[in-house]
Every structure is written in C-alpha cells, then in structure tokens.
Amino acid sequence: MDMPHTRSNRRQFVKLSALAAGAVMLPSRAMAQAPAAFSLPALPFAFNALEPHIDARTMEIHHGKHHAAYVAGLNAALEKVPELKGKPLEEIFAGIAAVSDESVRTALRNHGGGHWNHTFFWNTLAPTEKSGAPSPKLLKAIEASFGSMDDFKKAFNETATKRFGSGWAWLISANGKLRITSTANQDNPLMKGIVPDADLGTPLLGLDVWEHAYYLHYQNRRADYINAWWGVINWGEVSRKFAAL
Ligand code: MN3
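These numbers were taken from a predicted model, which means no experiment stands behind them. (Residues numbered from 1 in each chain as written. Predicted model: local features only at pLDDT ≥ 70, side-chain atom pairs only at ≥ 80, totals over all residues. Heavy atoms only, no water.)

1. Digging into the overall build of the chain
Filter applied, for reference: In DSSP terms, a helix is any run of H or I states spanning at least four residues, a strand is any run of E spanning at least two, and both are numbered starting from the N terminus. Burial here depends on accessible area, computed with a 1.4 Å probe over protein chains only, as a share of the maximum for the residue type. Under 20% is buried, over 50% is exposed, and the range in between is partly exposed. Throughout, a residue-residue contact means that at least one pair of heavy atoms, one from each residue, lies within 4.5 Å. For the area figures, the Shrake-Rupley method with a 1.4 Å probe applies, and any residue is considered shielded solely by the protein chains shown.
Along the chain, the regular secondary structure elements total 11 helices and three strands. Seen in sequence order, the chain has helices and strands lined up from the N terminus as α-α-α-α-α-α-α-α-β-β-β-α-α-α. When the 245 residues of the chain are sorted by exposure, 45% land in the buried category. Residue pairs in contact within the chain that sit at least 24 positions apart in sequence constitute 67% of those at least 6 positions apart. As presented, the chain carries roughly 12800 Å² of accessible surface, and 55% of it is formed by carbon and sulfur atoms.

Right under this line is the structure:
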C-alpha cells in the first residue's frame with residue numbers, strides 16, 4: 001500500500017534546506033532525515049457516513065483509538081529494526097519471519113497487520129448510496145468461483161461468523177482463482193511464512209470481525225453486523241482491485 005509520505009518529506013526537506021541556507025546552525029541529526037514513520041490515514045468518509053449499518057461512535061473509536069494504536073505500535077517496533085524502517089508494509093511483512101527478537105516479530109505482525117488491515121478496510125467501505133455493485137468482470141469471477149452472488153455471500157458469512165475470537169474474513173485472489181479465507185487477530189493473506197499457505201493471496205475484500213468493530217451497536221450479534229456490512233461495501237474499489245490483479 002502506498003503511504004503518501006513523499007510530498008511531505010520533500011516539504012520538510014525544502015524547509016530544512018531553507019533554514020540551512022539562512023545560516024541557522026542545525027544539529028547534524030536534523031540534516032540526516034530518518035525515513036518517515038507511518039501515520040494514521042484519514043477516513044475516506046465522515047464517521048456517521050455508514051449509519052445505520054455501522055454507527056458513528058464505533059467508527060470514531062475504531063479509527064481514532066484502535067487503528068491509531070496499531071500505527072503507534074508499528075512505529076515503536078520499527079525503531080528496533082532499522083533495516084525495515086522506511087519500507088512499505090508489504091516488504092515489512094516479508095521480512096518479519098527473519099527478525100530475531102520474538103517480541104519485535106510479534107509487534108510487527110500485530111501492529112503492522114493492524115495498520116494494513118484497517119487501511120484496507122476503510123478503503124473498501126462506502127456509504128450505502130455510493131456502495132454500487134461488483135463490475136461485470138468481478139461478478140462473473142464470483143459466479144464462476146462460488147455459483148452465484150448469493151452463494152458467495154452465504155459462504156463469506158459462514159466464514160466470518162465461524163472465525164473464533166478476533167480476526168478477519170477475506171475474499172482473496174490466489175493462483176487466478178477467488179477464494180474465501182479467514183485469519184486470526186491482525187494476520188492477513190499477505191503474510192507469507194506466518195499464515196498457512198492456504199490462506200495466502202491478494203485481498204480484494206476484508207471484514208473485521210473483532211468485537212471492537214461492532215460491539216457498541218450490535219453487542220454479541222456478530223451475524224447482524226455482518227449482514228449490515230454488505231450494505232456499505234465500496235464495490236467500485238473492490239472491482240478496481242480485481243481489475244488490477
Ligand atoms: Mn478493527
């Protein structure tokens with residue numbers, strides 16, 4: 001996932017250069033810029049935009065507290081592995097298994113996964129009126145893999161409902177085929193060497209089934225939350241991801 005840091009780095013660099021040109025003494029550490037840390041991306045819609053399917057308070061806490069904590073945890077973990085600092089998350093995932101310190105490995109997995117998964121999740125959500133429908137090509141692929149859209153939904157719901165405890169349900173593309181999988185905690189289908197090979201692939205759609213994603217409004221009724229989520233999927237974005245495979 002592209003993290004839009006380049007422009008702000010450049011601005012920062014220009015600012016520092018201007019300061020230096022103005023004969024202000026800068027400590028050498030400020031001159032040698034460290035790679036930008038990850039930051040919490042803004043939600044692509046207002047907190048209340050998904051109501052009544054997902055309530056504003058849940059979105060506020062989910063984004064502003066939970067996702068923010070994953071970003072902070074990821075940045076803290078990266079301080080301990082300078083060789084992975086400044087790399088895109090997908091590259092960091094590929095490097096996790098080689099990190100020798102177990103606590104750092106776990107932090108990168110949980111917080112790095114948390115940051116990637118939530119950024120992906122927000123981008124594949126949209127207010128109902130902008131939800132749209134799968135592209136004809138994606139619909140055809142869904143029908144080829146699952147029989148019909150209804151059968152796909154049924155299978156996805158089952159996987160999401162049966163995920164024991166915290167985790168995610170995914171629609172992935174793997175070896176040219178669409179598949180439904182599920183991962184625990186903040187693992188995702190990009191984590192080779194961490195999740196089983198059978199769960200690896202390119203995510204097209206993902207559903208957060210942690211209780212923090214629904215408990216305020218739905219309490220223990222995960223199935224109701226899953227049903228409501230179908231009404232706020234950004235099918236335009238999911239179709240774009242499919243077209244880009
Ligand atoms: Mn979550």
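2. Regarding the nonpolar core
As a rule of thumb, soluble globular proteins bury nonpolar side chains together. This is how the line gets drawn: In plain words, nonpolar cores are sets of buried Ala, Val, Leu, Ile, Met, Phe, Trp, Tyr and Cys residues tied together by side-chain atoms within 4.5 Å. Domain borders in the structure are assigned automatically or taken from a domain database.
Among the nonpolar cores identified, the biggest contains 64 residues, and L108 and F152 are the most heavily contacted of them. When residues in this core are grouped by element, the largest group, seven residues, is from helix 5 (residues 102-123). Shared between two domains, this core takes at least three residues from each, and those domains are domain 1 (56-123) and domain 2 (128-243). With residues up to four places along the chain from it excluded, the contact list for F152 reads I142, F146, L171, I180, L205, W230 and W235.

3. Quick notes on the pattern of salt bridges
Test applied: Basic side-chain nitrogens of Lys or Arg form a salt bridge, by our definition, when they fall within 4 Å of a carboxyl oxygen of Asp or Glu.
Within this structure, the stated rule accounts for seven salt bridges. Across the pair R221 and D224 runs a salt bridge whose closest N-O atoms are separated by 3.0 Å. On the basis of relative accessible area, D224 is assigned to the partly exposed category, the value being 35%. The salt bridge involving E237 is made with K241; its shortest N-O contact spans 3.2 Å.

4. Some details on the packing of aromatic side chains
Applied cut-off: Two aromatic rings, drawn from Phe, Tyr or Trp (for Trp, its six-membered ring), form a pair once their centres lie within 6.5 Å of each other, and the interplanar angle then sorts them: stacked below 30 degrees, edge-to-face above 60, tilted otherwise.
Counted by the stated rule, this structure contains 14 aromatic pairs. Ring geometry for F152 versus W230: centroids 5.7 Å apart, planes at 85 degrees, classification edge-to-face. Of the two residues, F152 sits in helix 8 (residues 149-162) while W230 sits in the loop between helix 10 (222-229) and helix 11 (235-243), which places them 78 residues apart along the sequence. An identical accessibility class is assigned to F152 and W230; each is buried. By the ring-pair criterion, three or more aromatic residues cluster together here, those being W116, F120, F121, W122, W168 and W170.

5. Considering the sheet that holds strand 2 (residues 177-184)
What counts is decided by this rule: Paired strands, in this sense, are two strands between which DSSP finds at least two bridges. A fitted line through C-alpha atoms represents every axis, and for helices the fit uses only the stretch in contact; the resulting angles, taken between N-to-C directions, go from 0 to 180 degrees.
Read across the open sheet, the three strands follow the order 2-1-3; overall the sheet is antiparallel. Both outer strands of the open sheet, strand 2 and strand 3 (202-208), are each paired with one neighbouring strand and no more. Ignoring which end each strand starts from, the neighbouring axes of this sheet average 20 degrees apart. In the packing of helix 5 onto the sheet, contacts are made with strand 1 (167-174) and strand 3, and the angle to strand 3 comes to roughly 90 degrees.

6. Some thoughts on the side chain of T181
Relative to the helices and strands, T181 resides in strand 2. With a relative accessible area of 4%, T181 lands in the buried category. Setting aside residues no more than four positions away along its own chain, T181 makes contact with T159, W168, A169, W170, I172, P189, A198 and D199.

7. Looking at the coordination of the manganese ion
Basically, it comes down to this: Note that water is not among the atoms considered, so a metal site may appear incomplete; the donors listed are N, O and S atoms within 2.8 Å of the metal, with 3.2 Å applied to Na, K and Ca.
The manganese ion binds to the protein through H62 (NE2), H118 (NE2), D208 (OD) and H212 (NE2), with metal-donor distances spanning 1.9 to 2.1 Å. Between the donor residues of the manganese ion, the gaps in sequence give the motif H-x55-H-x89-D-x3-H. On the criterion of sequence distance, the pair formed by H62 in helix 3 (residues 56-78) and H212 in the loop between strand 3 and helix 9 (215-218) is long-range, its members being 150 residues apart. Per residue, the accessibility class of H62 equals that of H212, and both read buried.

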